[in-house]
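# Observations on chain architecture
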Amino acid sequence: TYVFKVMSKRYDAAILDRQCVQGRMGQMAILLHAMLCTLAKLDRDLRLHAGNGAGDLEFQRDKAAAMHFFDLAELEIEELRTQLYQNADDTMLAAASAAMKLSDSQTPEQFIIPEKTPTGMRGQGRKPKQDGIKQFPGEAYQGTRSDWHARTWEKASTGA
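Below is a summary of the structure that appears in this document. (Residues numbered from 1 in each chain as written. Predicted model: local features only at pLDDT ≥ 70, side-chain atom pairs only at ≥ 80, totals over all residues. Heavy atoms only, no water.)

Moving on, we come to the pattern of salt bridges. What the rule picks out here adds up to nine salt bridges. The partner of D90 in a salt bridge is R18, and the shortest N-O contact between them spans 3.6 Å. In this pair, D90 is assigned in helix α4 (residues 89–105) and R18 in the loop between α1 (2–11) and α2 (19–48), connecting sequence segments 72 residues apart. Overall, D90 belongs to the exposed group, its relative accessible area being 59%. A relative accessible area of 15% places R18 in the buried class. Two residues, R47 and D43, come together in a salt bridge whose shortest N-O distance is 2.9 Å. (Salt bridge = Lys/Arg side-chain N within 4 Å of Asp/Glu carboxyl O. Helix = DSSP H or I, 4+ residues; strand = E, 2+ residues; numbered from the N terminus. Buried < 20%, exposed > 50% of the residue type's maximum accessible area, 1.4 Å probe, protein only.)

The next subject is helix α3 (residues 57–85). Helix length check: α3, at 29 residues, gives a terminal C-alpha distance of 43 Å against a target of 42 Å (1.5 Å per residue), a fit within 8%. By the burial criterion, the buried members of α3 are F59, D62, A66, F70, A73, I77, L80 and L84. Check the buried side of α3 and you find it contacts α1 and α2. One side-chain oxygen at the N-terminal end of α3 lies 3.1 Å from the backbone nitrogen of E58; it belongs to D56. (Expected span 1.5 Å × (residues − 1). Contact = heavy atoms within 4.5 Å. Polar contact = N/O pair within 3.5 Å; in protein donor to acceptor, adjacent residues only side chain to side chain.)

Structure (structure tokens):
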């Protein structure tokens, strides 16, 4: 919570636009949660073995894996905390802004735009080549899908 408070004070309302900062803090929270889950399992296992699992190889393996995970998570959390203060976010934002300006200046005819794009470019853009896609023989059906299903079902049931 301390890191979140410091970053909130540093960026104020702009923290809502700083997705890299949010991502780093979110990853730290996920790692802390994973550490707590691992600690809870280790605690349960210790209680089941009355604090003495020396003869149980599975318990020893799980305990060693938990301790190793704690070390790995601690290292990653420290690295993420450092990246909150020492990063290349400013130059990344400048590069992203320049890339978006270039992208906005280009005409849609230069690109194949997905048919489900959520932008106003839907239906615009270059039509993709179909040469490399094997086409099925016969004529392309022009009716609605339900008509096609009805005709196909009728042919299948009559054996035609």
